[in-house]
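Residue strings, one per chain:
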Amino acid sequence: MSRPVFRADPGTLGAAAPGAEVVVTGPEARHALTVRRLGAGDGLELVDGHGLRAAGTVTGAERERMTVRVDAVAAEPVRTPRLVLAQALAKGERDLLAVETATELGADAVVPWQAERSIVRWRRERAAKSHEKWVHTVAAAAKQSRRAAWPEVAPLASTEDLAGRAARPGTLALVLHEDAERPLVDLLAPASGGQDEALAGAEEVLLVVGPEGGITPAELKRLGAAGALPVRLGREVLRSSTAGPAALAVLAALLGRWASGDA
């Protein structure tokens, strides 16, 4: 059985070496000791959310304070290009479902997008609370999928913000759209036998997914003017909650992230 994963303070874990002891407190310790019922002698893994992973053994358990002896420490390599999901706010928490699944599939960052047709609105009084909900969703999914590097949750973005990100040097922006002529798979493995030139030189792939009502022509035009390419997955039209994760799965597989030996 795989060891459970808990997050430790980045500064503390970063300075730890095999044989050192790390103290975990607060909600993480409470979950480990009360919910998972770990005790002295039990094995676990500690991560810092930035790619550092430590295998350890519990040596002390006191309510909301857990002491862990570090047995081994490893830093997971940074993978390029970064995979970023710009997910439009959607009703019924379909946006949260997309973010949860995207985290499990290896997204490196998620961007909440206030699209024109988003029924859900993050107004001033609820913006911070809604953003925090995305952060908690990412954290839970990252631990469940045993990730050492957790996705960044960017601030709420407007279409203009996305256009600015799409226009950055090194960014390949892809807009998932049912009317697009070019399949995503062709971009990754064109008929010539190699990756598309834009993808081969990309430092970040930005996937833009609209709400249930779809992306408006004006939004598509603005993103296209910033260099974003409209692509489609297949003949089927997916929901807002599944389109992004499906595209991420295609990207992860064809970029070799799921190859044998990949972390």
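Cut-offs and rules
- Residues numbered from 1 in each chain as written.
- Predicted model: local features only at pLDDT ≥ 70, side-chain atom pairs only at ≥ 80, totals over all residues.
- Heavy atoms only, no water.
- Pairing = 2+ DSSP bridges.
- Helix = DSSP H or I, 4+ residues; strand = E, 2+ residues; numbered from the N terminus.
- Contact = heavy atoms within 4.5 Å.
- Axes fitted to C-alpha atoms, helices over the stretch in contact; angles between N-to-C directions.
- Parallel < 35°, antiparallel > 145°, perpendicular 65-115°, else oblique.
- Left-handed = near helix turned anticlockwise from the far one by under 90°.
- Nonpolar A, V, L, I, M, F, W, Y, C, P; charged D, E, K, R; others polar.
- Domains from an automatic or database assignment.
- Buried area = accessible area lost by both parts, 1.4 Å probe.
- Salt bridge = Lys/Arg side-chain N within 4 Å of Asp/Glu carboxyl O.
- Polar contact = N/O pair within 3.5 Å; in protein donor to acceptor, adjacent residues only side chain to side chain.

## Examining the sheet that holds strand E8 (residues 152-153)
1) Next: With parallel pairing, the six strands of this open sheet are ordered in space as E8-E7-E6-E10-E9-E11. Every other strand in the sheet has two partners, leaving E8 and strand E11 (229-231) as the edge strands with one partner each.
2) Next: In this structure, strand E6 (residues 82-88) lies alongside strand E10 (residues 204-209), joined through six bridges in parallel fashion. From the neighbouring strand, Leu85 faces E10, where its bridge partner is Leu207.
3) Next: Packing against the sheet, helix H5 (residues 159-166) makes contact with E6, strand E7 (109-113), strand E9 (171-176) and E10, and its axis sits at approximately 155° to E10.

## Observations concerning the packing of helix H3 (residues 94-104) against helix H9 (residues 240-254)
A packed helix pair is summarised by two numbers, namely the angle formed by the two axes and the spacing between the axes.
1) Next: Between H3 and H9, the shortest axis-to-axis distance is 7 Å and the interhelical angle comes to 15°. Taken as axis vectors, H3 and H9 run roughly parallel relative to one another. Here the hand of the crossing between H3 and H9 comes out right-handed. Where H3 abuts H9, its residues Arg94, Leu97, Ala98, Thr101 and Ala102 lie against Ser240, Ser241, Pro245 and Leu248.
2) Next: Its residues assigned to classes, the contact of H3 with H9 shows five nonpolar, three polar and one charged.

## Points about the domain arrangement of the protein
1) Next: For the protein, the assigned domains are domain 1 (5-75) and domain 2 (82-255).
2) Next: For domain 1 versus domain 2, the distance between C-alpha centres works out to 33 Å.
3) Next: If you look at the interface, domain 1 gives 12 residues, while domain 2 gives six residues.
4) Next: Buried surface at the junction of domain 1 and domain 2, both sides included, amounts to about 740 Å², of which 52% is carbon and sulfur.
5) Next: The largest per-residue losses of area from domain 1 upon contact with domain 2 belong to Val5, Gly49 and Arg53, which jointly make up 50% of the total buried on that side.
6) Next: The partner of Glu45 in a salt bridge is Arg146, and the shortest N-O contact between them spans 3.2 Å.
7) Next: At the boundary of domain 1 with domain 2, the tally comes to seven residue pairs in polar contact (both at pLDDT 80 or more).
8) Next: A per-element tally of the side of domain 1 that touches domain 2 places strand E1 (residues 5-7) first, with three residues.
9) Next: Across the side of domain 1 that touches domain 2, the residue classes break down as four nonpolar, three polar and five charged.

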